[in-house]
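Remarks on the overall topology
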Amino acid sequence: QVQLVESGGGLVQAGGSLKLSCTASTRTFERYAMGWFRQAPGKEREFVAAITVSGGGISYADFEKGRFTISRDNSKNMMYLQMNNLKPEDTAVYYCAADRSFETMRLGGAQREYWGRGTQVAVSS
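Residues numbered from 1 in each chain as written. Predicted model: local features only at pLDDT ≥ 70, side-chain atom pairs only at ≥ 80, totals over all residues. Heavy atoms only, no water.

Here we look at the sheet that holds strand S7 (residues 68–73)
Strand order across the open sheet formed by four strands is S1-S3-S8-S7, with antiparallel pairing between neighbours. One side of each edge strand has no neighbouring strand; the edge strands of this open sheet are strand S1 (3–7) and S7. Across the sheet, the mean angle from the axis of one strand to that of its neighbour is 15 degrees, orientation sign disregarded. With six bridges joining them, S7 and strand S8 (residues 78–83) adopt antiparallel strand pairing. Its bridge partner lying in S8, Asp-73 is registered against Met-78. (Pairing = 2+ DSSP bridges. Helix = DSSP H or I, 4+ residues; strand = E, 2+ residues; numbered from the N terminus. Axes fitted to C-alpha atoms, helices over the stretch in contact; angles between N-to-C directions.)

Examining the nonpolar core
Membership of the largest hydrophobic core comes to 28 residues, with the highest contact counts inside it found for Leu-4, Met-34, Trp-36, Met-79, Leu-81, Met-83 and Tyr-94. Only strand S3 (18–25), strand S4 (33–39), strand S5 (46–51), S7, S8, strand S9 (92–99) and strand S11 (119–124) provide two or more residues apiece to this core. Look past the residues within four positions of Tyr-94 in its chain and what remains in contact with it is Glu-6, Leu-20, Phe-37, Arg-38, Val-48, Phe-68, Leu-81, Met-83, Gly-118, Thr-119 and Val-121. The next biggest cluster of nonpolar side chains, apart from the first, holds eight residues, and it includes Phe-37, Phe-47, Ala-97 and Phe-102. (Core = buried A, V, L, I, M, F, W, Y, C linked by side-chain atoms within 4.5 Å. Buried < 20%, exposed > 50% of the residue type's maximum accessible area, 1.4 Å probe, protein only. Contact = heavy atoms within 4.5 Å.)

As for the packing of aromatic side chains
Counted by the stated rule, this structure contains four aromatic pairs. Centre to centre, the rings of Tyr-32 and Tyr-114 are 6.0 Å apart; their planes meet at 75 degrees, and the pair counts as edge-to-face. Of this pair, Tyr-32 sits in the loop between S3 and S4 while Tyr-114 is found in strand S10 (residues 114–115), placing the two residues 82 residues apart along the sequence. Using a relative accessible area of 17% as the deciding quantity, one classes Tyr-114 as buried. Three or more aromatic residues joined by ring pairs form one cluster here, namely Phe-37, Phe-47 and Trp-115. Positioned above the aromatic ring of Tyr-80 is the side chain of Lys-19, whose terminal nitrogen or guanidinium carbon lies 4.7 Å from the ring centre. (Phe/Tyr/Trp six-rings, centres within 6.5 Å; stacked < 30°, edge-to-face > 60°. Lys NZ or Arg CZ within 6 Å of the ring centre and 35° of its normal.)

Some points on the pairing of S1
What you see with S1 is a clean split: Leu-4 and Glu-6 sit on the buried side and Gln-3, Val-5 and Ser-7 on the side with no burial. In terms of strand pairing, S1 meets S3 through five bridges, oriented antiparallel. By the bridge assignment for S3, Ser-7 is matched with Ser-21.

Coordinates in, geometry out; function isn't part of it.
Pasting the structure below:
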């Protein structure tokens, strides 16, 4: 069982930055690929970024255009999402996820092994 808790969300002006964190409660964090997803009001949850177990492989959604950076620290059971140059359309609840398959994390539809409860990000214009 893996418990995931997101933090770091908040209200920021357009052009600003936020760093989200995901804390995993598990002794086997290094066995899981990790990812970030988001869901805006009235929209489906969408993929944001994913990182392999070692951190050596990363995948981003096209909409990010170099604004977001995903990272992880296996010694701390933590994953991060640095978001720069935020836009109002980035407003959403951001979720972290864990799955033993990096490919499933990137491409696996709505199914991942574990989800956090989300943290709200609001970007004002």
